[in-house]
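Here is how the chains run, residue by residue.
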Amino acid sequence: MAASRSATAPKPVEAFVKYPSPPASNLAPIPELYVSYDSAAKLKLEAAELVSWDLTQRQVCDLELLMNGGFFPLKGFLGEADYDGVVNDMRLADGTLWPMPITLDVSEAFAAKVEPGQDIALRDPEGVILAILSITDKWTPNKSHEAEKVFGADDIAHPAVNYLHHKAGPVYLGGPVTGIQAPVHYDFRARRNTPNELRAYFRKLGWRRIVAFQTRNPLHRAHQELTFRAAREAQANLLIHPSVGMTKPGDIDHFTRVRCYEAVLDQYPTSTTTLSLLGLAMRMGGPREAVWHGLIRRNHGCTHMIVGRDHAGPGKNSQGKDFYGPYDAQQLFGSLQGEIGVEMVDFKQMVYVQEKAQYEPRDEVEEGQTILDISGTELRRRLREGLEIPDWFSFPAVVQELRRTSPPRSKQGFTVFFTGFSGSGKSTIANALMVKLMEMGGRPVTLLDGDLVRKHLSSELGFSKEHRDINIRRIGYVASEITKNGGVAICAPIAPYAATRRGVREDIEAFGAFVEVHVATTIEECEKRDRKGLYKLAREGKIKEFTGISDPYDVPENPEIRLDTEGMDVDYCAQQVILKLEQMGLIAA
Ligand code: PPS
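How each quantity is defined
- Residues numbered from 1 in each chain as written.
- Predicted model: local features only at pLDDT ≥ 70, side-chain atom pairs only at ≥ 80, totals over all residues.
- Heavy atoms only, no water.
- Helix = DSSP H or I, 4+ residues; strand = E, 2+ residues; numbered from the N terminus.
- Rg over C-alpha atoms; globule rule 2.2 N^0.38 Å.
- Buried < 20%, exposed > 50% of the residue type's maximum accessible area, 1.4 Å probe, protein only.
- Contact = heavy atoms within 4.5 Å.
- Areas by Shrake-Rupley, 256 points an atom, 1.4 Å probe, with all protein chains shown as cover.
- Lys, Arg positive; Asp, Glu negative; His and termini not counted.
- Charge placed at Lys NZ, Arg CZ, Asp CG, Glu CD.
- Core = buried A, V, L, I, M, F, W, Y, C linked by side-chain atoms within 4.5 Å.
- Domains from an automatic or database assignment.
- Pairing = 2+ DSSP bridges.
- Axes fitted to C-alpha atoms, helices over the stretch in contact; angles between N-to-C directions.
- Parallel < 35°, antiparallel > 145°, perpendicular 65-115°, else oblique.
- Left-handed = near helix turned anticlockwise from the far one by under 90°.
- Nonpolar A, V, L, I, M, F, W, Y, C, P; charged D, E, K, R; others polar.

**Quick look at the overall build of the protein**
Part 1 of the argument: The number of helices and strands found in the protein is 21 helices and 20 strands.
Part 2 of the argument: Here the C-alpha atoms of the protein give a radius of gyration of 28 Å, agreeing with the 25 Å that 2.2 N^0.38 yields for 589 residues.
Part 3 of the argument: By its C-alpha atoms, the protein is 85 × 75 × 40 Å across when sized along the principal axes.
Part 4 of the argument: Within the protein, buried positions represent 52% of all 589 residues.
Part 5 of the argument: Across the protein, contacts joining residues at least 24 apart in sequence account for 73% of those joining residues at least 6 apart.
Part 6 of the argument: Carbon and sulfur atoms provide 51% of the accessible area of the protein, an area that totals close to 26200 Å².
Part 7 of the argument: On the protein, the mean spot of the 70 positive side-chain charges and the mean spot of the 77 negative ones are 2 Å from each other.

Okay, here's the thing in structure tokens:
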């Protein structure tokens, strides 16, 4: 049983003072939850004795903003009464506006080990102790209700709802946090600022009016025009404040984005513009998220915030319709801006007017003028296929950065995943394919053959469902790393379970194409060939759990290719795969 810190050390004052409202001026320091440097060293030793929770990536982001005042007035992860208020009415139990539940979700097994009244250590994924949570509440939330109220629908097409149901643990712990140290970031350190660092910077430069621009995308010309106009309209200095914690799955990674921001920074007047990175884990919660962003920007010393079209939009729901109206966020923000403490600078979508060779808000374009626009999806398609991205749309330096990390498909990594019975011909065709791809050159090719993997990676595994799944997930992991780094992975296991194959597909498609090849040789033909004599042994019961004889095989429903090998030579089969790769744009014609 873990010791309770309250029994051994006084609670640090900073974490428990009630701060009813933000400082009167946007330039005064905002309260943080960190203890002093000396107390931190002492507390760390005590915390090492406590039961500890290893924070997820999202929880690290949330904790950092809790500790540095970015989530002021929160003093920790929400307890149940505050959670109920936030979920149902966007308000903490004392009535303060707060639209987003900031909760510490944990597993059932961990929850069973701790009780309210107990202190636990919060560690980052490397095991570094960042904070102590003094648990006041432990409860099992109704996640569907949370999804409905906070995100407007219990629909897993919404990234945050998907996260809630599939990634977040089932039990929430709440209570005040005592900050020991900030999470360490090794990237773009000079560009990361706490709310108090930004406030001090604004103070130093004499900036009293600051308009924040929140973004999760690279800046193109439309954004530049929007930010220029916003700064002019608000007569304010500009803070480009991109979220670099977690954004929408599938977004351009923050490393690329920050290089893009840096590339366009010299387009802005240095004396009135600055760039700072915000380690926020976004939820894509549209209107509620906009209000949340406003509070966070207020805490960072901003007086204004730009709210454009479809702010923090999650995309389409499972019926193919938008989750929120394009200007819902502006409406909600506008109705609450007095309480948020930040004035909204609202904009309609900016579009390029060809005749005027300039950007304008869509609602200001005169009739008969030609509007040009490139959507995010279209931009990704052009990058993928190596097509032109016009100058009116973006800056050459930005396009160059994007092309570096999003090369056309013919230069990206991919995985060819053969599946089929033992003796179906998977390995032979996979080998032929490997040689053909090596002959073409261009990318490194790795063959992860079933037998070889079992020898080198999975030698301790047998053929139970559990072991087969572990084996395939290992292959999938290695293939996803190869794909991520621009290589070709050719896998050739039996992989009898559709659900496991689907999981591997999802892992790999995050980095490149997944080409499933069903080697559809019938079990009768495989048994007739019986090249390794295994079918005979399986029939005699000397090999157990033999796929197709005494173990199941889920026939792939929609593979990219189905190869019928009977009567076909290996070369022909490998060539069919090459043709498919060409058709998918994975190898240059
Ligand atoms: S799995 O299900 O994907 O993990 O199987 P895999 O790693 O591809 O291993 C299949 C090879 O192991 C040999 N073997 C068996 N196969 C199926 N069932 C049982 N019980 C079994 N025992 C041994 C067999 O030679 C398979 O090789 P291939 O290359 O498929 O013929």
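**With respect to the nonpolar core**
Part 1 of the argument: Counting residues in each nonpolar core, the largest one holds 73 residues, and the members touching the most others are Phe71, Trp98 and Leu122.
Part 2 of the argument: When we break this core down by domain, the ones giving at least three residues each are domain 1 (37–179) and domain 2 (187–351).
Part 3 of the argument: Apart from the residues within four sequence positions on either side, leucine 122 is in contact with Trp53, Leu55, Leu63, Phe77, Leu104, Val128, Ile129, Leu130, Ala131, Leu133 and Val177.

**What about the sheet that holds strand E11 (residues 304–307)?**
Part 1 of the argument: One open sheet holds the 5 strands; their spatial order is E10-E9-E8-E11-E12, and the pairing between them is parallel. With partners counted over all chains shown, the strands left at the sheet margins are strand E10 (273–275) and strand E12 (343–346), one partner each. Neighbouring strand axes in the sheet, compared pairwise and without regard to direction, differ in orientation by 25 degrees on average.
Part 2 of the argument: Taken together, the 4 bridges between strand E8 (residues 210–213) and strand E9 (residues 237–240) define a ladder with parallel strand orientation.

**Section: the packing of helix H10 (residues 254–264) against helix H14 (residues 396–405)**
Part 1 of the argument: Following both chains from N to C, one finds H10 and H14 inclined at 165 degrees, their axes separated by 8 Å at the closest point. With respect to their mutual orientation, H10 and H14 come out roughly antiparallel. You can see that H10 and H14 cross each other, and the crossing is right-handed. When H10 is examined against H14, the residues Thr256, Arg259, Cys260, Ala263 and Val264 are found in contact with a partner set consisting of Ala397, Val398, Glu401, Leu402, Arg404 and Thr405.
Part 2 of the argument: Across the contact of H10 with H14, the residue classes tally to 6 nonpolar, 2 polar and 3 charged.

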